[in-house]
Amino acid sequence: MTSHGRLPPEFEPSPFARAIEAKRGAGRGILDLTVANPTRVGLPRAAGLEAALRGADLLHYDPDPRGTEAARRAVAAYHRARGTSASEPDRILLTSSTSEAYAHLFRLLCDPGDEVLVPRPSYPLFEPLARLESVGLASYRLRYDEGWRVDLESVEALVGPRTRAVVVVQPNNPTGSCLDAGEAAALESLCAERGLALIADEVFGDFPWPPRDAPLPSLLGDRGVLTFGLNGISKLCGLPQMKLGWIAVTGPEPMAARAYEGLEWIADLFLSVGAPAQAMLPWVLERRDTFHRAALARIHENLRTLVAGSDRAGYDLLRGDGGWSAVLRFLPGSPAGDAPDAAVWALEEEDVLLHPGHFYELEDHDAVLSLIAEPERVHDGIERLSGAKRS
Ligand SMILES: Cc1ncc(COP(=O)(O)O)c(C=O)c1O
């Protein structure tokens, strides 16, 4: 027997996943523009990682639910270098992933049946992560008009007696949008008035468009509300296999101290972050430049390809501020735009794999692709969507 509420009612693959399998089974090569695994796209990572790992002290185990002091200091130094004030090692807690960070925060902030507000469109993992913790979700809207803006009225209208937190993803996956200063201030005062925490997922915060050294805005800082900043080395250093992320806690005392103690208590039950990953964190963060610069250059090149191909392939490249994904809005009159679902059309007709808009609660004529895919692949994909191969 399995639980009735926490798991999905069935584990069947979606029709879209079945269509991909059918194509592959029929021996059709698919041009996959969704590949976002940084270990699979030919991007360099810090040289010498394997040798450094061999040289690390891996035989001792000295568990600390917060993470080792050296590792937390390295995160604090990263925050300092980035200009965010969350630079106290005693307010940083390591996790084995951002997903685990969300689970810890839902457990910390919510009783079963409490609610968290999340943006829509956004990251599809919120729903199952919250359901697994018996936490409800309500979605506030991001609206597109020459750029994505938060519908602040929809946020306010959603806050009820059981709302505990507001999640902000910036840059958001997949829209690439960040809050502007007015939106950040409005959300902060709403959270302060209603006693809500802010959860800021900033895993893409070092990948601005166009590429530049100045990082994107962060919600971490001297704010009047309890704020949890989520980040990790999956994206920052291109190392998802190291399984290491963190939560930085900021906000008024003693609330922040109390929240940190709660997180520490939860983390102590699992001690889930491997000692080798923690031992490597200072080394890896110090050398993040290699991957970071290469990824920024690639994102830039792919954005140029997408801009250049938009007229021929009949889409608008929606505006964003940063991140690893782009939204193509296919226009009426284009084959993909006139089809019931643009990504299904691209897969069926051109063997090009894009994420369907509905994965993220976007429109059916929207499709999402990865900006860290190899540039030749993105170029070839856009050529196919333009019909260049058909004429
Ligand atoms: C918005 C967002 N947060 C978190 C993650 C996952 O990060 P991690 O590998 O640390 O779980 C992703 C992965 O795509 C993401 O898009």
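Here the structure is a predicted model, which is why all the values come from computation and not from measurement.

J.: Would you mind going over the overall build of the protein with me for this structure?
T.: Within the protein, the secondary structure is distributed over 14 helices and 14 strands. Scaling as 2.2 N^0.38, a compact globule of 391 residues should have a C-alpha radius of gyration of about 21 Å, and the protein matches this with 21 Å. C-alpha atoms of the protein, sized along the principal axes, occupy 65 × 55 × 50 Å. Counting every position in the protein, which comprises 391 residues, the buried fraction comes to 53%. Here the protein has roughly 17500 Å² of accessible surface; of this, 51% comes from carbon and sulfur atoms. Here the protein carries 40 positive and 55 negative side-chain charges, and the mean point of each set is 3 Å from the other.

J.: Would you mind showing me how to read the packing of aromatic side chains here?
T.: For any two aromatic rings, the description comes down to two numbers: the centre-to-centre distance and the angle of the planes. This structure, assessed with the given rule, holds eleven aromatic pairs. Where Y102 meets F106, the ring centres are 6.1 Å apart and the plane angle is 35 degrees; that geometry is what we call tilted. Placement of the pair is Y102 and F106 together in helix α4 (residues 98-109), with a separation of four residues, close to one helical turn. Accessibility expressed as a relative area gives 1% for F106, which makes it buried. The rings of Y102, F106, Y123 and F126 are connected pair by pair, giving a single aromatic cluster.

J.: Explain the side chain of S310 to me, please; I cannot follow it from the model alone.
T.: Locating S310 in the fold gives a position in helix α11 (residues 289-313). A polar contact is formed between the side chain of S310 and the backbone oxygen of V307, at a distance of 3.0 Å.

J.: Quick question: what am I supposed to make of the sheet that holds strand β3 (residues 115-120) here?
T.: Either a parallel or an antiparallel arrangement is found when strands of a sheet pair, and the pairing is made through backbone hydrogen bonds. Here eight strands make up an open sheet; going across it, the order is β2-β9-β8-β7-β6-β3-β4-β5 and the pairing mixed. At either margin of the open sheet sits one strand with a lone partner, and together these are β2 (92-95) and β5 (148-150). Averaged over neighbouring strand pairs, the angle between their axes works out to 25 degrees when direction is ignored. Two strands pair when backbone bridges link them, and β2 and strand β9 (residues 245-250) are joined in this way by four bridges, in the antiparallel orientation. Looking across to β9, one finds that I92 is bridged to A248.

J.: Just checking my understanding: could you explain the nonpolar core for this structure?
T.: Soluble globular proteins tend to bury their nonpolar side chains together. Ranked by internal contacts, the top residues of the largest apolar core, which has 43 residues, are I299, L306, F330, L354, L369 and L385. At the level of elements, α1 (15-25), α11, β11 (325-330), α13 (342-350), β12 (352-353), β14 (366-370) and α14 (375-385) are the ones that each hand at least two residues to this core. Each of domain 1 (15-44 + 290-385) and domain 2 (60-287) accounts for three or more of the residues forming this core. Once residues lying within four places of it in the same chain are set aside, the contact partners of I299 are F207, W209, G323, W324, L371 and I372.

J.: What is the right way to look at the pattern of salt bridges in this model?
T.: Opposite charge on two side chains makes pairing possible when the charged atoms of those side chains draw close. Going through the model one piece at a time under the given rule, you end up with 25 salt bridges. For D64, the salt bridge goes to R72, with nearest N and O atoms at 3.8 Å. Measuring nitrogen to oxygen at the nearest pair gives 3.1 Å for the salt bridge that ties R164 to D114. Taken as a pair, R164 in strand β6 (residues 163-169) and D114 in the loop between α4 and β3 lie far apart in primary sequence, 50 residues in all. By relative accessible area, D114 is classed as buried at 2%. Linked through salt bridges whose partners overlap, the residues forming this network are D64, R66, R72 and D90.

J.: Explanation requested: the side chain of E133 in the structure shown.
T.: In this fold, E133 is placed in the loop between α5 (126-132) and β4 (136-144). Excluding residues that lie within four positions of it along the chain, E133 makes contacts with R6, A103, F106 and R107.

J.: So what exactly am I meant to see when it comes to the domain arrangement of the protein here?
T.: Segmenting the protein into domains produces domain 1 (15-44 + 290-385) and domain 2 (60-287). Centre-to-centre separation of domain 1 and domain 2, based on C-alpha positions: 27 Å. With 29 residues of domain 1 at the contact, the number on the domain 2 side is 34 residues. Of the roughly 2600 Å² buried between domain 1 and domain 2, counting both surfaces, carbon and sulfur atoms make up 60%. Three residues stand out in domain 1 for area buried against domain 2, namely R319, D321 and Y360, and they jointly supply 23% of the buried area on that side. The interface formed by domain 1 and domain 2 includes two salt bridges. In this structure, E146 engages R319 in a salt bridge whose closest nitrogen and oxygen atoms are separated by 3.6 Å.

J.: Honestly, α14 in this entry has me stumped. Any pointers?
T.: Since the α-helix packs 3.6 residues into each turn, any two residues three or four apart lie on the same face. Within α14, burial applies to P375, V378, G381, I382, E383 and L385. At the exit of α14 stands G387, carrying a positive phi of roughly 80 degrees.

J.: Can you help me understand the site of the ligand in this one?
T.: The ligand sits among S97, T98, S99, Y123, V169, N173, D201, V203, F204, S234 and K235. One of the side-chain N or O atoms of N173 is found 2.7 Å from an oxygen atom in the ligand. Calculation on the ligand without its partners gives an accessible area of 400 Å², and the protein chains cover 86% of this total. Secondary-structure elements contributing two or more residues to the shell around the ligand are α4 and α8 (233-236). Partitioned by chemical class, the residues of the shell around the ligand number four nonpolar, five polar and two charged.

Scoring rules and cut-offs
Residues numbered from 1 in each chain as written. Predicted model: local features only at pLDDT ≥ 70, side-chain atom pairs only at ≥ 80, totals over all residues. Heavy atoms only, no water. Helix = DSSP H or I, 4+ residues; strand = E, 2+ residues; numbered from the N terminus. Rg over C-alpha atoms; globule rule 2.2 N^0.38 Å. Buried < 20%, exposed > 50% of the residue type's maximum accessible area, 1.4 Å probe, protein only. Areas by Shrake-Rupley, 256 points an atom, 1.4 Å probe, with all protein chains shown as cover. Lys, Arg positive; Asp, Glu negative; His and termini not counted. Charge placed at Lys NZ, Arg CZ, Asp CG, Glu CD. Phe/Tyr/Trp six-rings, centres within 6.5 Å; stacked < 30°, edge-to-face > 60°. Polar contact = N/O pair within 3.5 Å; in protein donor to acceptor, adjacent residues only side chain to side chain. Pairing = 2+ DSSP bridges. Axes fitted to C-alpha atoms, helices over the stretch in contact; angles between N-to-C directions. Core = buried A, V, L, I, M, F, W, Y, C linked by side-chain atoms within 4.5 Å. Domains from an automatic or database assignment. Contact = heavy atoms within 4.5 Å. Salt bridge = Lys/Arg side-chain N within 4 Å of Asp/Glu carboxyl O. Buried area = accessible area lost by both parts, 1.4 Å probe. Near = heavy atom within 4 Å. Nonpolar A, V, L, I, M, F, W, Y, C, P; charged D, E, K, R; others polar.

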